[in-house]
Amino acid sequence: MLFLTLQEQAPFSKPLNNLQAQTDPQTDKMRASMQRSLKKDDRRAETPVIILVIGLLRQDDCYISELIDFVQHTSETELIFIYCKNFNEVRQLSILENVNVILLDLTEQEKSSQCLISSVNQLIPDQPIIAFTTLDADLMHLNLQHESVQDYLAIEHLDSNFLKHSIHYAIQKQHIQNGRRESGLSLEQRCRQLNQILSSSIDGVLIIDMKNKIRFINPAGEFLLGAKRNQLLNTFFAHPLHDRTKFEIKQANSRGKVMILEARSVRTSWENQFAFLVTLRNITDEKKQHVRDEKQRLRVKHLAYHDLLTRLPNRQLLDDRLTQALVQGRRENKRFALLFLDLDDFKEINDTCGHHTGDEILRKVARRLTNCVRESDTVGRYGGDEFVIIMNDISESADAAKVSSKIISQIKRPFILGNRQIHLTTSIGIAIFPVDGNTISQLLHHADAAMYLAKKNRKGTYNFYNRTIKLNKQLTERKEFNLRGAYKKHEFIIYYQPQIECGGNLIAGVEALLRWQHPKRGILNPEDFLPKVKNSKFSEKLGLWILSQAVGQCKCWQSQYGFDLRVALSLSDFQWHQKNLPHKMQAILENLDLSPGALNLEIDGRQADFTSHIFRLRLHNLHRTGVNLTYVGFGKDNCSMPYLLELPFDIFKIDTATTAFIRQKTSMRKAFAALIDMVHSFDKTVIASGVESEDDIRMLRALGCDLLQGPGCCEPLPVARISDFIRSTRKKTHFYTKIQKAGFQ
């Protein structure tokens, strides 16, 4: 809405930039509002409502704010206010014929009210007037019957909302009066007006008699039906008609474009006989928009209940499907299985190959899982690399076992991405309703516990939930709690076992071994307390503590004795799969200013998967940090020497069991000597553990071993005693070793 003074009504006759400047700040705001409104009017087909204000507003009147507030805050209609102080200014207006409503101030005027109203009627005839008077005015003397005055308002109680309704009422009343005046038109004039209305209508209008013949049609109807008037009149309308019905028609228009028409029929009369008035409206665009809206609605609904990456049901939809399965199972006494899957070591794919590769594998896994189950089953992504399968209406637990075996077999097939093959395994936990739980949370929790046990015992397998799992989990949690308490009380200590140079009986390094100084049971070895928690979060924390303690002690010995003593650490399975292990290890070494070559990480061959691309990448990432890598299990049946020698291992370690085997099988010593020679040809080192006697030392020295370790050389000792051992060894001769060519560079 706008509020204009006499000078500001010029936009109807000249550009806005020719307006005279006003000093009143309220007027400046109104002018800016008017300019915005006129820009809107250029884009609108509707004509704004123009309200002429005569008198009324004076700078010293307190009720000015009411009207201005109305002008600024009312937005239901587009109103333009033009303000004139007196009739001389009214006569100068060039747009009097466009005025819709007149606000006339009858207070503090020189002329009488009747004269003022008559003057307005002479200047602007046939326009509604809203008169403003005072409460003490004698309203009985006013001409309340004057048809141009639609309302009288008391100036003391001027209210913006009331004024708005009064203006709306005045416009509507004037329209009614104009209609009454037009009621006196002749029949011919009315017909002409009706024809004009029908000709300008965008909707088709037809008159169809009771025999379904078209008796009348307007131009829009001709266009929509695709034919001329003379071709349509007296032809049959091909659709049955009933009173007050709506139906759709597919019709080609005159341009050959197929449209969808909405037809409405109503009973009427034509030439004194019953007929139907039919209106046709083109709803083609509306239909297309409706289809687009419906597709968008379905897409939004799908996105709300499905995983964006795999297109599988997400956790929300899985919970809904589980609820349905529970209800059906309880009502019909049916069993169903819940399978909880986790991709083994999947985080390594994201870390080594990138998230794009990981996402592509997840999509492929989703397709393989879907192909392994029935259409009535549900496969969903629970989050990350975890998937859930709901197998409805199973007859026995073996059904879930069969599907699990099929899934494991399918996931083991290599994933082909370009020229790269990636091998994966999955571990599956199975819970059966109602045996293993009768709520969603119980079933998910128990299936997850069964999956965790399968992953811990042997990856790439499945496991059913049972009471033993529950007891083992409770026992594990209790043991972990005790270990955490021991850690806080500083009850863990590290023993060190020397690694002796085979030729000169000199110490070349030490292996750090964890011990628990139990307050009641004494010194405990790791196998007495770690197996139950080796895959827990606490294991990661404890592993980093051992690493920092051993590396710190190694730095102390190097500074004290002046030679490059090395420290060896055995990586647990959990540490081996620990995320960002190379970065954490480098941070510890840099903090102590110790060369990475002083650290030797031992990797048990039992936890190595040589066919895994992830294993090889992890191995190379560790070796790039500069640490030495030792393969533990040299000489085992599962050891492929040509393959092993291509991997970045610096040292090959004969474990205790293999040393005992060589001790007993003298016929195999030549074979081991050949293997050791092969390792030496690749400039690598061999260390033998489990040495128990002088005979073992002579035997392993004859086979060509470089380093020896075991109770026959030296038992594991605490820090103080191993320091004495190093000191006594250093007094014999300066450190010399031929193994600098390999792991101890």
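What comes next concerns the included structure. Everything numeric in this text was worked out from a predicted model, so none of it was measured.

### Description of the state of the cysteines
Inspection of every chain in the model, using the stated rule, returns 0 disulfides. No disulfide involves Cys-554; its sulfur sits 9.8 Å from the nearest other cysteine sulfur, which is in Cys-556. In this model Cys-713 remains outside any disulfide bridge; the closest cysteine sulfur is found in Cys-502, 8.2 Å from its own.

### A closer look at the pattern of salt bridges
Taken as a whole and judged by the stated rule, the model has 21 salt bridges. Between Asp-695 and Arg-698 there is a salt bridge; the shortest N-O distance is 2.2 Å. Of the two residues, Asp-695 and Arg-698 are both situated in helix H23 (residues 694-703); the distance of 3 residues between them amounts to about one turn of the helix. A residue is classified by how much of its surface remains accessible, and Asp-695, at 49% relative accessible area, is partly exposed.

### With respect to the packing of helix H21 (residues 656-664) against H23
Where H21 meets H23, the closest approach of the two axes is 11 Å, and the angle between their N-to-C directions is 90°. With respect to H23, the axis of H21 lies roughly perpendicular. Where H21 abuts H23, its residues Thr-659, Ile-662 and Arg-663 lie against Asp-696, Met-699, Leu-700 and Leu-703.

### Notes on the pairing of strand S14 (residues 386-394)
With 7 of its 9 residues buried, S14 lies for the most part within the structure. Both strand S12 (residues 335-343) and S14 contribute to a ladder of 7 bridges, which runs antiparallel. Note on S14: the bridge partner recorded for Phe-340 is Val-388. Where strand S13 (residues 378-383) and S14 come together, 5 bridges link them in antiparallel fashion. When the bridges of S14 are listed, Gly-383 appears paired with Glu-386.

Conventions we followed
- Residues numbered from 1 in each chain as written.
- Predicted model: local features only at pLDDT ≥ 70, side-chain atom pairs only at ≥ 80, totals over all residues.
- Heavy atoms only, no water.
- Disulfide = S-S within 2.5 Å.
- Salt bridge = Lys/Arg side-chain N within 4 Å of Asp/Glu carboxyl O.
- Helix = DSSP H or I, 4+ residues; strand = E, 2+ residues; numbered from the N terminus.
- Buried < 20%, exposed > 50% of the residue type's maximum accessible area, 1.4 Å probe, protein only.
- Axes fitted to C-alpha atoms, helices over the stretch in contact; angles between N-to-C directions.
- Parallel < 35°, antiparallel > 145°, perpendicular 65-115°, else oblique.
- Contact = heavy atoms within 4.5 Å.
- Pairing = 2+ DSSP bridges.

None of the figures reported here should be taken as evidence of function without further support.
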